[in-house]
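Each chain is listed here by its residues.
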Amino acid sequence: MTRPDEPRRNFYGRIRGKTLRASQKTYLNEDLGALQPRDITREENPERTLIDPAAIFGDDRPVWLEVGFGGGEHLVHMASRYPDVGIIGCEPFINGVAMLLGKIRDAGVTNLSVHPGDARDLMDVLPEASIAKAFLNYPDPWPKTRHHRRRFVTQEHLQPLARAMKSGAEFRVATDIPDYVRQTLEEVPQAGFELIAQGDTPWQDWHSTRYEQKALREGRAPHYVTFRRV
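So, here's what we can say about the structure. (Residues numbered from 1 in each chain as written. Predicted model: local features only at pLDDT ≥ 70, side-chain atom pairs only at ≥ 80, totals over all residues. Heavy atoms only, no water.)

### As for the overall build of the protein
For step 1, the next point in the chain: Across its full length, the protein holds nine helices and seven strands.
For step 2, the next point in the chain: For 230 residues, the compact-globule estimate of 2.2 N^0.38 gives 17 Å, and the C-alpha radius of gyration of the protein, at 17 Å, lies within 12% of that figure.
For step 3, the next point in the chain: In terms of principal-axis extent, the alpha carbons of the protein reach across some 40 × 40 × 35 Å.
For step 4, the next point in the chain: Counting across all 230 residues of the protein, residues that qualify as buried make up 51%.
For step 5, the next point in the chain: Sequence separation of at least 24 residues holds for 81% of the intrachain contacts in the protein that already meet a minimum separation of 6.
For step 6, the next point in the chain: Just so you have it, the protein exposes about 11200 Å², and 49% of that area is on carbon and sulfur atoms.
For step 7, the next point in the chain: Taking the average location of the 32 positive side-chain charges in the protein and that of its 32 negative ones, the two points are 6 Å from each other. (Helix = DSSP H or I, 4+ residues; strand = E, 2+ residues; numbered from the N terminus. Rg over C-alpha atoms; globule rule 2.2 N^0.38 Å. Buried < 20%, exposed > 50% of the residue type's maximum accessible area, 1.4 Å probe, protein only. Contact = heavy atoms within 4.5 Å. Areas by Shrake-Rupley, 256 points an atom, 1.4 Å probe, with all protein chains shown as cover. Lys, Arg positive; Asp, Glu negative; His and termini not counted. Charge placed at Lys NZ, Arg CZ, Asp CG, Glu CD.)

Here you go:
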């Protein structure tokens, strides 16, 4: 675990990529503000006062969380498939946020909230046992051994997630990196989860992401792991 006086190690890579298209800049300027949850960042909420997830969606519907939504393919698919659920997506890569906003416009979904930043800032202020399902799809693999501690599947990140998840809540992990699978199977149970299933068969409601398609093109096999919060 990181000490309070230590800077946090990022579990994600870059936050900006290629120059945004004009349409993507429009999405960020016109759409993000209304979709962004309030009092998440340390600048907005330095006291780290807990937020009310019901205030994000206007009712007490189940709330799900996707950590690092990439281009937003899976996030919009799940929002469309489960309109009675509220889903919060976290992604620090601003190009991915812009891509998601375009997909939200096209799909017309209204049950998404978008935090364009570090998922840990959100987990810090979520009430205990407030998340009913969580997704970690194709996280940054940090392949070098000296960088494995930067992976999301370490106690530094998993314990705050576990605190925010309801007992019995499902946590899904998808990756194409065998060593990430190894670390996932070692670390996640230590944070208070039990392994339910793992293998090369995706979930029935799975929607493949751009990162999965890239892995398949390059000959890497996807692996899907399901845990339940104890």
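After that view of the structure, there is still more to cover.
### Quick notes on the sheet that holds strand β1 (residues 63-67)
For step 1, the next point in the chain: With respect to topology, seven strands assemble into an open sheet ordered β3-β2-β1-β4-β5-β7-β6, the strand pairing being mixed. The sheet is open, and its two edges are formed by β3 (112-115) and β6 (193-199), each paired on a single side. Between one strand axis and the next, the sheet turns by 15° as a mean value, whatever way the strands run.
For step 2, the next point in the chain: Where strand β2 (residues 86-90) meets β3, four bridges bridge the pair, whose relative direction is parallel. Within β3, the residue paired with Ile87 across the bridge is Leu112.
For step 3, the next point in the chain: Set on the sheet, helix α7 (residues 155-164) makes contact with β1, β4 (131-137), β5 (165-175), β6 and β7 (223-229); between it and β5 the angle comes to about 140°.
For step 4, the next point in the chain: Strands in contact with helix α8 (residues 178-187) are β4, β5, β6 and β7; relative to β7, the strand with the most contacts, it is inclined by about 10°. (Pairing = 2+ DSSP bridges. Axes fitted to C-alpha atoms, helices over the stretch in contact; angles between N-to-C directions.)

### Considering helix α5 (residues 94-107)
For step 1, the next point in the chain: For α5, with 14 residues, the first-to-last C-alpha span of 20 Å sits near the 20 Å given by 1.5 Å per residue.
For step 2, the next point in the chain: Of the residues making up α5, those classed as buried are Ile94, Asn95, Gly96, Val97, Ala98, Leu100, Leu101, Gly102 and Ile104.
For step 3, the next point in the chain: On its buried face, α5 is in contact with α1 (22-30), α2 (32-35), α4 (73-81) and β3.
For step 4, the next point in the chain: Remark: Gly108 follows α5 within two positions and exhibits a positive phi of approximately 70°. (Expected span 1.5 Å × (residues − 1).)

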